[in-house]
Each structure stands twice: as structure tokens, then as C-alpha cells.
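Observations on the three-dimensional arrangement
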Amino acid sequence: MTEVCKEERGPAERWSLRSGAVSVEILSLGCGIQSIRTPDHSGQSADIVLGYQDVEGYLSNPRYFGAVVGRVANRIAKGRFVVDEKEYKLAINNGPNALHGGLKGFDKAVWTTEAVDNGVKLSHSSPDGDEGYPGNLNASVTYRLEKNTLSVLYSAQTDRTTTINLTNHSYFNLAGQGTPDIYDHEVTISAESYLPVDDTMIPTGEVKPVEKTLFDLRKPVLLGSRLKELPGPGFDHNFCLCSPGDPPLERKCARVVHPGTGRVLEVSTTQPGVQFYTSNFLDGTLKGKGGAAYSKHSAFCLETQNWPDAVNQPHFPDALLRPGETYTHTTRFTFSVL
Ligand code: GLA
């Protein structure tokens, strides 16, 4: 049985879900995950996601801690795309590109909430033209905690053809948030290929096999040593979990182990990709929970999603949602100990 409680917290509601030794806090502001507490091998509980102590911290949240990102997570090249022969222009907020839904994306919205079995459903209506995107879009995200698994179900409908890509942007550190780095974590990502990017972080279009590259994470890899070998600041790449056109079956995506505490995170998803991001842009200036200064490589994100810039790359998985269709995806995070 999962306990579900709701409290008013200044600008937002906070919903707490508890199942056995695992507890999760969800905020209506940004539809985000504020905390996830899980036990280590000796039963000691720690919060394993980065974030802010108070709800007010999430009013800005420039690095999207825990938030649901939309309408389109990740980058759209030059902030432009064409749907039904009409060109749409978005705010340019990341070099020459559009990132994470724009200036006031889904992470800045206060979502409406309702209790569901073992969880909470959050809904948000984004009007036609919102941040430059076409169509009135109704989106919902349902978080359910069942045993030691947090499931996240995304759903959306539109009245005009639009592009969509929803994800959750949680930053994990399995040693406990506030631990300075993730170098002692072992990561496995079940991907046969990944997307190389140009110097503005847009996929070049090549779908490159991971075999014989530093992106081969199909067997457990110690993150500290792999990050030393990798050119550039770290991982910030889409790993391909299936081929374009494959059915949206739920697949194993990733497994991360922290041997020191015994904590294990497993992720599965119906999404065709996962952006593996090693917090390359954190620099110690953001103060989080318990006064922690979050530095570079102090967390990792596994943002299950469509491939970046898919709306502009016809050989990538379909990025459009049409009237009468329902966008639906599920991602599951399972927490255990070795
Ligand atoms: C994603 C992007 C990163 C960065 C973070 C937020 O992971 O791929 O480049 O924008 O979000 O800081």
C-alpha cells in the first residue's frame, strides 16, 4: 500500500508518496520530483536527487532540477521547424538553438493535481501559440509509487498537429544528493547506437554504433574513468534504445550501481531514446538542499525521450502529434540495493 498525502507549500502543492522504505515528493510547480529517499545496504535512508530545500527555489530552477520538461525537451536546431508546410519559430535560449520548451516551458507552470491509486496525476493545458508551438495541447503526467518502482506516465492530446517530447529532468546521485561527484558510480545503458552532435549540441544526423567507442556502455562502466577518457566536458548525448518506427514497447534502458552504498537504479521506458547527461554545466554556484553546492559531475540524468531535433530530421522517430491521436509514454525508475 502506498501512502499519498498532499500539503500546500507557498506557490505550489507538494504530494508525498511513501511505499515501504521508499518515499518520493512531487511538486505541482514544474510537475517535478523534489526528493526521492531510498535505503542503502545498511538501511540508512538518503535523498538521491538534487533540488531545492524550499518550493520557492523552483520558481527559477535554471538547470531544471527534477522538472518535467516540455513541450519539447532537448534541442531544436535554430529554434525552427515546419509542420503542414508552415514554419514555426521558437525562442533561441541555448546558443543558436531552442532548449527545453522555451522561456516559460512546462517546468515553470503550476500543474493541477488529482489523487490516483498509489500516486498523483498532474495536468497542464498549453494554449495554441504557447512558446511558439501550434495547437492547444492538454498534457498530463501520472506518478505512481508501487513497491520500489516509481512509474511516470506521460499523456497528451492536441487540436492541431504539433511537436512534442516530454521527459523528467531528475539529477541522481546514488551516494546521496550533495555528494561531490558520481565518479564511483557504475553505469550500463542498453543502447547499440548513439547520436554524435555538432558543436552546438545538435545531432549531426548520423546514428553511430557504440561498438568500439567510448559510448559503449552496454556492460557496466565506471563513470570516473570513462569521463577521463571522453573528450569534452562529459556525457550529454542521446543513446538510441530502438530504431525509428519500432513499436513503443517498454524496454530496459539503464542500470546504475553505487557500490559504496549498494544502491541500484534501474530505468525502463517506451521512449526511443535517453539523454545521458553528467551535469557538465553545474559549477558549484547553485545552492541546493541542505546548503549543498552542486558542482560539475555531481549527478547524472537519464532523460528518457525522443531523439533531439527529431522534428527536423526525417529519419529520426516521429516527433509529431496529430489531432485525434494520444501521445503516451511510460518510464519506470526502480530502486533497490545490492
Ligand atoms: C539537458 C541538456 C543539457 C543541459 C541540461 C540542463 O540534459 O542536454 O545540455 O541543457 O539539460 O542544464
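As named in an unreviewed UniProt entry, the protein chain is Aldose 1-epimerase, taken from Sinocyclocheilus grahami. In its Subcellular location (unreviewed entry) section, the UniProt record describing the protein chain reads: "Cytoplasm".

Per the UniProt annotation, the sites labelled "binding site: beta-D-galactose" (unreviewed entry) are N74, R75, H169, S170, Y171 and D236. Topologically, N74 is positioned in the loop between β6 (68–69) and β7 (75–76). Every residue in contact with N74, bar those within four places of it in the chain, is listed here: A98, L99, H100, Q275, Q305 and P308. For Y171, the position within the fold is in the loop between β16 (167–168) and β17 (186–189). For Y171, a relative accessible area of 1% translates into the label buried. Excluding anything up to four places from it in sequence, Y171 contacts I48, V49, L50, R63, Y64, F65, Y277, S279, L282, A299, F300 and C301.

With the rule as written, the count across this model stands at 17 salt bridges. A salt bridge links E266 to R255; the shortest N-O distance between them is 3.4 Å. Of this pair, E266 sits in strand β23 (residues 263–269) while R255 sits in strand β22 (residues 251–258), and the two are 11 residues apart along the sequence. On the basis of relative accessible area, E266 is assigned to the partly exposed category, the value being 31%. Looking at R255, the relative accessible area reads 35%, which means it is partly exposed. Overlapping salt bridges bring together E7, R9, R14 and E25 as one network.

Neighbouring the ligand are R63, Y64, R75, L99, H100, H169, Y171, D236, Q275, Y277, F281 and E303. Within the side chain of H100, a nitrogen or oxygen atom sits 2.7 Å from an oxygen atom of the ligand. One of the side-chain N or O atoms of E303 is found 2.6 Å from an oxygen atom in the ligand. In isolation the ligand offers 310 Å² of accessible surface; the protein chains occlude 99% of this area.

In a beta sheet, neighbouring strands are held together by backbone hydrogen bonds and run either parallel or antiparallel to one another. With antiparallel pairing, the five strands of this open sheet are ordered in space as β19-β18-β21-β24-β25. Every other strand in the sheet has two partners, leaving β19 (208–209) and β25 (301–305) as the edge strands with one partner each. Note that strand β18 (residues 193–194) and strand β21 (residues 236–240) share two bridges and pair antiparallel. Paired with Y194 across the two strands is F239, which belongs to β21.

This part covers the packing of aromatic side chains. All told, the structure shown has 19 aromatic pairs when counted by the stated rule. When the ring of F106 is compared with that of W111, the centres are 5.8 Å apart and the planes differ by 80°; the resulting orientation is edge-to-face. Accessibility expressed as a relative area gives 2% for W111, which makes it buried. Measuring from centroid to centroid gives 6.0 Å for Y277 and F281, while their planes differ by 35°, and the two rings are tilted. Classification of Y277 as buried rests on a relative accessible area of 4%. Members of the aromatic cluster, joined through ring pairs, are Y52, Y58, F65, Y171, Y277, F281 and Y294. Cation over ring: K86 sits above Y88, and NZ or CZ is 4.8 Å from the ring centre.

Here the focus is the sheet that holds strand β13 (residues 137–146). If you trace the nine strands from one edge of the open sheet to the other, you get β11-β12-β13-β14-β27-β23-β22-β17-β20, paired in antiparallel fashion. The strands lining the two open edges of the sheet, one partner per strand, are β11 (112–116) and β20 (221–222). Bridge count for β17 against β22 is four bridges, and the pairing is antiparallel. Each bridged residue has a counterpart across the sheet, and for E186 the counterpart in β22 is V257.

Let us look at the side chain of K289. You can see K289 is positioned in the loop between β24 (273–277) and β25. In this view, K289 contacts Q34, S35, D47, V49, L50, G51, Y52, Q53, Q177 and Y294; residues no more than four positions away in its chain are not counted.

With six of six residues buried, strand β3 (residues 22–27) lies mostly within the body of the structure. The alternating pattern of β3 places V22, V24 and I26 and S23, E25 and L27 on opposite faces, both of which are buried. Here strand β2 (residues 12–19) runs beside β3; their pairing, made up of six bridges, is antiparallel. Bridging across to β3, R14 finds its partner in L27. In textbook terms, the turn of a hairpin is the stretch between consecutive antiparallel strands, and for β2 and β3 this stretch comprises two residues, one of which, G20, has a positive phi near 60°. Relative to strand β4 (residues 32–39), β3 runs antiparallel, the two sharing five bridges.

Looking now at the environment of L59. Mapping L59 onto the fold places it in the loop between β5 (45–47) and β6. With 48 residues separating them along the chain, L59 and D107 place their C-alpha atoms 9.1 Å apart. With residues near it in sequence (within four places) discarded, L59 still touches P11, L29 and K108.

What counts, and where the lines are drawn
Residues numbered from 1 in each chain as written. Predicted model: local features only at pLDDT ≥ 70, side-chain atom pairs only at ≥ 80, totals over all residues. Heavy atoms only, no water. UniProt positions renumbered as here; feature names shortened; annotations may be inferred. Helix = DSSP H or I, 4+ residues; strand = E, 2+ residues; numbered from the N terminus. Contact = heavy atoms within 4.5 Å. Buried < 20%, exposed > 50% of the residue type's maximum accessible area, 1.4 Å probe, protein only. Salt bridge = Lys/Arg side-chain N within 4 Å of Asp/Glu carboxyl O. Near = heavy atom within 4 Å. Polar contact = N/O pair within 3.5 Å; in protein donor to acceptor, adjacent residues only side chain to side chain. Areas by Shrake-Rupley, 256 points an atom, 1.4 Å probe, with all protein chains shown as cover. Pairing = 2+ DSSP bridges. Phe/Tyr/Trp six-rings, centres within 6.5 Å; stacked < 30°, edge-to-face > 60°. Lys NZ or Arg CZ within 6 Å of the ring centre and 35° of its normal.

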